[in-house]
Amino acid sequence: MPNITINNANIFYETFGDDKPDRAPVLLIHGSTIDGPTDWGDIAPELAKHYKVLVPDCRGHGHSNNPNMTYSFKELADDAAAFIRALGYERAHVIGHSNGGNVALVTLMDHPDVIQTCIPQAANAFVTQYLIEREPVVFDPERVKNEVPEWMNEMIMLHGEVNGQDYWRDLLQMTMKEIISEPNYTPADLAQVTKPVLVIMGAEDTVNAPDRHGQYIAENIPNAEMWIPEKTEHNVHKDRRDEWLAKVLGFMERRGEG
């Protein structure tokens, strides 16, 4: 599989489908502590029936290294924009899940010129007290080792070959610190967005639904659309795959070809 150097990091990526005339590709940004294939393995081939699809491992995840030993939404957004350009495209439909949704949102805010449409799923635009209290517990390496060893083993399997067998501990801590720090967009910030946006969040998402993060983003971005399916938790694209594909493809067809 191909690799490309982006902002001094060696980024592994996969592509699906062929370039379509007059259609920007789709960039899929995975959530934290996993990698591109884990998050998007069932989705990318379906989207590729209609669009060229790009699925990178974010720096420090999967087969991409982390030369700066950092994790920030801004850095990953800079990578996303540079990645789109490096592969020869002017713009892409940028879709992100969970912390990847935050990266998609920051890419929209910092690099609107590379955005055809933006679909942040399970994202947050500001840090709440709920996140500040919750995330240090969830991402504590000792808790994970003792209470959720399957999560630890998954991270070792996904990231250990490139970044080291103990890297999972650093990744958890770096991720947690970023989640309780960024992003912090005001309604006035979001009101400046001019690109088409579809916000997705599960109505029962225990991370994002309590503080109405999806509604906050959609209500403050002009002309944004919102889909909050009932009885659905964090992984809308997996739990409601066929409906998700229909919603996303329909949105890109209606709003993304201008």
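Okay, so let's go over this structure. (Residues numbered from 1 in each chain as written. Predicted model: local features only at pLDDT ≥ 70, side-chain atom pairs only at ≥ 80, totals over all residues. Heavy atoms only, no water.)

### Notes on the pairing of strand 6 (residues 115–121)
1) Next: Of all 7 residues that make up strand 6, 7 are buried, and the element is covered over most of its length.
2) Next: When strand 5 (residues 92–97) meets strand 6, the two strands line up parallel, connected through 6 bridges. Across the sheet, Ala92 pairs through a bridge with Ile115, a residue of strand 6.
3) Next: For the handedness criterion, the β-α-β arrangement of strand 5, helix 4 (residues 99–110) and strand 6 is classed as right-handed. (Buried < 20%, exposed > 50% of the residue type's maximum accessible area, 1.4 Å probe, protein only. Helix = DSSP H or I, 4+ residues; strand = E, 2+ residues; numbered from the N terminus. Pairing = 2+ DSSP bridges. Right-handed = clockwise from strand over helix to strand, strands pointing away.)

### A word on unusual backbone geometry
1) Next: The omega angle of the peptide bond from Glu182 to Pro183 is -10 degrees, so this bond is cis rather than trans.
2) Next: As for its position among the elements, Pro183 is in the loop between helix 8 (167–179) and helix 9 (187–190).
3) Next: At Asp22, a residue that is not glycine, the phi angle is positive and equals roughly 65 degrees.
4) Next: Relative to the elements of secondary structure, Asp22 occurs in the loop between strand 2 (9–16) and strand 3 (26–29).
5) Next: With a phi close to 65 degrees, Asn223 is a non-glycine residue in the positive phi region.
6) Next: Summarising the element assignment, Asn223 is placed in the loop between helix 10 (213–220) and strand 8 (225–227).

### Quick notes on the nonpolar core
1) Next: Counting 55 residues, the largest nonpolar core has Leu27, Val94, Leu108, Trp151, Leu190, Val197 and Ile221 as its most contacted members.
2) Next: When sequence neighbours within four positions are dropped, the list of residues in contact with Ile221 reads Leu108, Leu190, Val193 and Val197.
3) Next: Formed by 22 residues, the second largest nonpolar core is a distinct cluster that contains Trp40, Val53, Trp227 and Leu249. (Core = buried A, V, L, I, M, F, W, Y, C linked by side-chain atoms within 4.5 Å. Contact = heavy atoms within 4.5 Å.)

### Focus: helix 8
1) Next: Given a rise of 1.5 Å per residue, 13 residues ought to cover 18 Å, and the 18 Å separating the end C-alpha atoms of helix 8 matches this to within 8%.
2) Next: Those residues of helix 8 lying buried are Tyr167, Trp168, Leu171, Leu172, Met174, Thr175, Met176, Glu178 and Ile179.
3) Next: Looking at the packing, one finds that the buried side of helix 8 touches helix 3 (73–86), helix 4, helix 5 (129–138), helix 6 (141–147) and helix 7 (149–163). (Expected span 1.5 Å × (residues − 1).)

### Overview of helix 12 (residues 241–255)
1) Next: Helix length check: helix 12, at 15 residues, gives a terminal C-alpha distance of 21 Å against a target of 21 Å (1.5 Å per residue), a fit within 8%.
2) Next: The complete set of buried residues in helix 12 reads Trp244, Leu245, Val248, Leu249, Phe251 and Met252. The buried residues of helix 12 occupy an angular sector of 160 degrees when the element is viewed end-on, so they sit on one face. Along helix 12, exposed side chains directed more than 90 degrees from the buried face belong to Asp242, Ala246 and Arg254. (Arc of directions from axis to C-beta.)

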